[in-house]
Amino acid sequence: QLETDIAAEAELDEAAIASYGVSNVSELLDALSPQTRSGRGRGSSRPIILVNGRRIGGFGEVRNLPPEAIAKVEIFPEEVALQYGYSADVRVVNLVLKPNFRQVAVEAEGGVPTQGGRFQSEIDPSFLMIGKNGRLNLNAGWDHKTMLRESDRNLDYGDPVHAAEAPARSLLPESDTYSIDGTIQRSLDKLTDASLNLRFDQTDSLSLLGPGMGGVSDPLKRDSRSRNLTSTASMNGMLGDWRWSVSGNYADADQRTFTDRLGAGRDRFDSSQQTFGGNANLSGTVTDGWAGPIRLSMTGSYSGIRYDSRSERLGSVTTSDLARDLPGVFGSLTVPLLDPDYHAGKIGRLSLTLSGQVQNPSDFDALKSLGANLNWGVTNNLSLIASLNRDEAAPGIQQLGAAPLVTPAVTYYDFGTGQTVQIVTTTGGNPFLRAEQRRDFKLGLNWSPPMIEGLNLSVNYNSNISYDTANAFPLLTPEIEAAFPDRVTRDGNGVLIALDQRPVNFDRTENSQ
């Protein structure tokens, strides 16, 4: 049971969950994405996941849970996130698990395109046990896909030489993905539980790029390997009447790619990214107000990212080394204003939630966010929500700090003159980017008609305005050149000779729905 006065926008029982025909929670959330996607119009971020009304360490803890183990799914609006120590920019999904469940399963899939040329297969064994002392979930997987070559399709080349090279080029690569993960969750006592999740996966792929020195029988290749290790840990408990939770995470993603060059050896690209962090949340009742308990939620958090890469191309070596540390604090206060049960008003339950957040990136200025939300439960079947939020967001670390790269002799089409020319391009990061300023407004209505059991109607209006958004430099049209004249260099005859393509700030973007 969630500690909130805000009604769920949707509830799915076991029959409704089974009707989606999915194999795990990850697939279920994909199927529910129209309902779980945030209404604030800020992208398609995954919703916050709670299990039996409690915070978890990360999505990996529930990713592979089978739908048969879930008794009920509840979907709540973004405003509920505030009461669990999150900002109100994503919705909340609460998974209510069955108290006793055990399953051993092996899932196998295979398929071919209707026009042939490629075969893909997958096998996924799993084990799950849920009992009174916690749960244990183990999963493994192997996914194999064969290569699809141009010669496997009846393509119209218009050039017999190109057509003869078709067996040496791939449309889709050959790939193998191996994965293994496990989650253990244990109740340490009646009020405290702890969980740990570990996952490792590796993907090997091979593509063909065209004939090599030996012709079609000796094609140029690109082979790559990526490895990912992720881990999360969390604990939940009670401290008097206050609920506390702590969590930590670490992930390491490594990639290596080799690309053949005609008569020039092999290019090589290596990258490694580590992300890590933790947070602690404390939530509870501060005092009793005139219309009910006044609740406070406080969260302290830290996250870090380290990224380094090395590229070898034609004997030239380019390296990149980026880092960001992001400490932050977040708080929300929910104040009941009206509640007939407390003899405060007779027009339903009305509450106000105020929230604020401060983050201090190591490579950027401090970021501040403020928000206010009104929730009015007119009746047990009808509720209204209004919210106003002002947020700041920093550009990505590569947008800010990627090393500048000057590349000569780049073929580019100039829309201004209608010419295809050879130019010098400059790419990389832009340390002068400004923080994005966000202004979001929302009105929402949720109604469950009492005369139709199981029917729930939800209507939302959202208005989003963002100032100084950080974006990749767009195609150079006459309008873009007029907006960014300092990024364009032309000779005395007006011929384009150089272009600075580093990221820029756009003045404003607007969206309402």
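Please refer to the structure placed before this passage.
This structure is a prediction, so every number in the text was calculated from the model and none was measured. (Residues numbered from 1 in each chain as written. Predicted model: local features only at pLDDT ≥ 70, side-chain atom pairs only at ≥ 80, totals over all residues. Heavy atoms only, no water.)

> Explain the sheet that holds strand 25 (residues 488–490) here, please?
Hydrogen bonding along the main chain pairs the strands of a sheet, whether they run parallel or antiparallel. Reading across from one edge, 21-22-26-25 is the order of the four strands in this open sheet, with mixed pairing throughout. Because the sheet does not close on itself, it has two edges, and the strands there are strand 21 (405–414) and strand 25. On average, each strand axis in the sheet is tilted by 25° relative to the strand beside it, whichever way the strands run. Pairing analysis gives three bridges linking strand 22 (residues 419–427) to strand 26 (residues 496–500), with the strands arranged parallel. (Pairing = 2+ DSSP bridges. Helix = DSSP H or I, 4+ residues; strand = E, 2+ residues; numbered from the N terminus. Axes fitted to C-alpha atoms, helices over the stretch in contact; angles between N-to-C directions.)

> Please clarify how the pairing of strand 5 (residues 92–97) should be interpreted in this entry.
Along a regular strand, successive side chains alternate from one face of the sheet to the other. Of all six residues making up strand 5, five are buried, and the element is well covered by its neighbours. Both strand 4 (residues 70–76) and strand 5 contribute to a ladder of six bridges, which runs antiparallel. Within the sheet, the bridge partner assigned to Glu74 lies in strand 5 and is Asn94. (Buried < 20%, exposed > 50% of the residue type's maximum accessible area, 1.4 Å probe, protein only.)

> Sorry, what's going on with empty space enclosed by the protein here?
The method is simple in principle: a probe with the dimensions of a water molecule rolls over the atoms, and the space it marks as empty is what remains. Scanning all chains against the criterion turns up four cavities of 30 Å³ or more. Of the volumes computed, that of the largest cavity is approximately 90 Å³. Along the wall of the largest cavity there are 14 residues; nearest its centre are Glu9, Ser383, Ile385, Leu445 and Asn446. Of all the secondary structure elements, the ones that give two or more residues to the lining of the largest cavity are strand 20 (382–393), strand 23 (436–447) and strand 24 (457–471). The element best represented in the lining of the largest cavity is strand 23, accounting for four residues. The residue inventory of the lining of the largest cavity, partitioned by class, reads seven nonpolar, five polar and two charged. (1 Å grid on protein atoms, 1.4 Å probe; cavity = no way out; pocket = protein on both sides within 12 Å on 5 of 7 lines; lining within 4 Å. Points joined across faces, edges and corners; volume = space filled by probe spheres on them. Nonpolar A, V, L, I, M, F, W, Y, C, P; charged D, E, K, R; others polar.)

> Explanation requested: the pairing of strand 8 (residues 134–145) in the structure shown.
Pairing geometry for strand 7 (residues 120–131) and strand 8, over 10 bridges, is antiparallel. Across the sheet, the residue bridging to Phe127 is Leu138, located in strand 8. Linking two consecutive strands that pair antiparallel, namely strand 7 and strand 8, is a turn of two residues. Bridge count between strand 8 and strand 11 (residues 174–187): 12 bridges; the pairing is antiparallel. Opposite Leu138, over in strand 11, you have Gly182 as the bridge partner.

> Which parts of the structure should I look at to understand the pattern of salt bridges?
Once the charged atoms of two side chains with opposite charge are near each other, the side chains can pair. Evaluation of the coordinates by the stated rule reveals 30 salt bridges. For Arg324, the salt bridge identified is with Asp363, shortest N-O distance 2.9 Å. One end of the pair, Arg324, is in strand 17 (residues 316–338); the other, Asp363, is in the loop between strand 18 (349–359) and strand 19 (367–377), and 39 residues separate them in sequence. Judged by its relative accessible area of 12%, Arg324 falls in the buried class. A salt bridge links Glu510 to Arg508; its shortest N-O distance comes to 2.8 Å. (Salt bridge = Lys/Arg side-chain N within 4 Å of Asp/Glu carboxyl O.)

> Got a minute to help me understand the packing of aromatic side chains in this structure?
Each pair of aromatic rings is reported with the distance of its centres and the angle of its planes. If you walk through the whole model with that rule in mind, you get three aromatic pairs. Considering the side-chain rings of Tyr413 and Phe415, the 5.1 Å spacing of their centres and the 85° angle between planes classify their relative orientation as edge-to-face. Residue classification places Tyr413 among the partly exposed positions, given a relative accessible area of 39%. Positioned over the ring face of Phe59 is Arg46, at 3.9 Å from the centre of the ring. (Phe/Tyr/Trp six-rings, centres within 6.5 Å; stacked < 30°, edge-to-face > 60°. Lys NZ or Arg CZ within 6 Å of the ring centre and 35° of its normal.)

> What is the right way to look at the sheet that holds strand 3 (residues 54–55) in this model?
If you trace the five strands from one edge of the open sheet to the other, you get 1-4-5-2-3, paired in mixed fashion. At either end of the open sheet lies a strand with only one pairing partner, and these are strand 1 (10–12) and strand 3. Where strand 2 (residues 48–51) meets strand 3, two bridges bridge the pair, whose relative direction is antiparallel. Bridge assignment links Leu50 to a residue of strand 3, and that residue is Arg55.

> What exactly am I supposed to notice about the nonpolar core here?
In a soluble, globular protein the nonpolar side chains are often hidden away together inside. Residues Val25, Ile49, Val62, Ile70, Val73 and Leu95 are the most contacted members of the largest nonpolar core, which totals 24 residues. For this core, the secondary structure elements donating two or more residues are strand 1, helix 2 (25–31), strand 2, strand 4, strand 5 and strand 7. Here Ile49 is in contact with Leu29, Arg54, Ile56, Phe59, Val62, Val93 and Leu95, once residues within four sequence places are set aside. (Core = buried A, V, L, I, M, F, W, Y, C linked by side-chain atoms within 4.5 Å. Contact = heavy atoms within 4.5 Å.)

> Help me out: how do you make sense of unusual backbone geometry in this one?
Although it is not a glycine, His343 sits at a positive phi angle of roughly 60°. By the element assignment, His343 lies in the loop between strand 17 and strand 18. Even without a glycine there, the phi angle at Ala409 is positive, about 55°. Tracing the backbone shows Ala409 in strand 21.

> Help me understand the side chain of Asn64, please; the structure alone is not making it clear to me.
Within the secondary structure, Asn64 sits in the loop between strand 3 and strand 4. A relative accessible area of 17% places Asn64 in the buried class. A polar contact is formed between the side chain of Asn64 and the side chain of Asp181, at a distance of 2.7 Å. Beyond its immediate sequence surroundings of up to four residues, Asn64 is in contact with Asn24, Asn137, Asn139, Asp181 and Arg199. (Polar contact = N/O pair within 3.5 Å; in protein donor to acceptor, adjacent residues only side chain to side chain.)

> Help me understand the environment of Ile123, please; the structure alone is not making it clear to me.
In this structure, Ile123 sits in strand 7. Residue classification places Ile123 among the partly exposed residues on the basis of a relative accessible area of 37%. In this structure, the C-alpha to C-alpha distance between Ile123 and Ser466, residues 343 residues apart in sequence, is 45 Å. In this structure Ile123 touches Val106, Glu107, Ala108, Ala140, Gly141 and Trp142, once residues within four positions along its chain are discounted.

> I'm lost on the environment of His144 in this one. Help?
Here His144 lies in strand 8. Taking the C-alpha atoms as reference points, His144 and Ser205, separated by 61 residues in sequence, lie 10.0 Å from one another. Every residue in contact with His144, bar those within four places of it in the chain, is listed here: Phe119, Gln120, Ser121, Glu174, Ser175 and Asp176.

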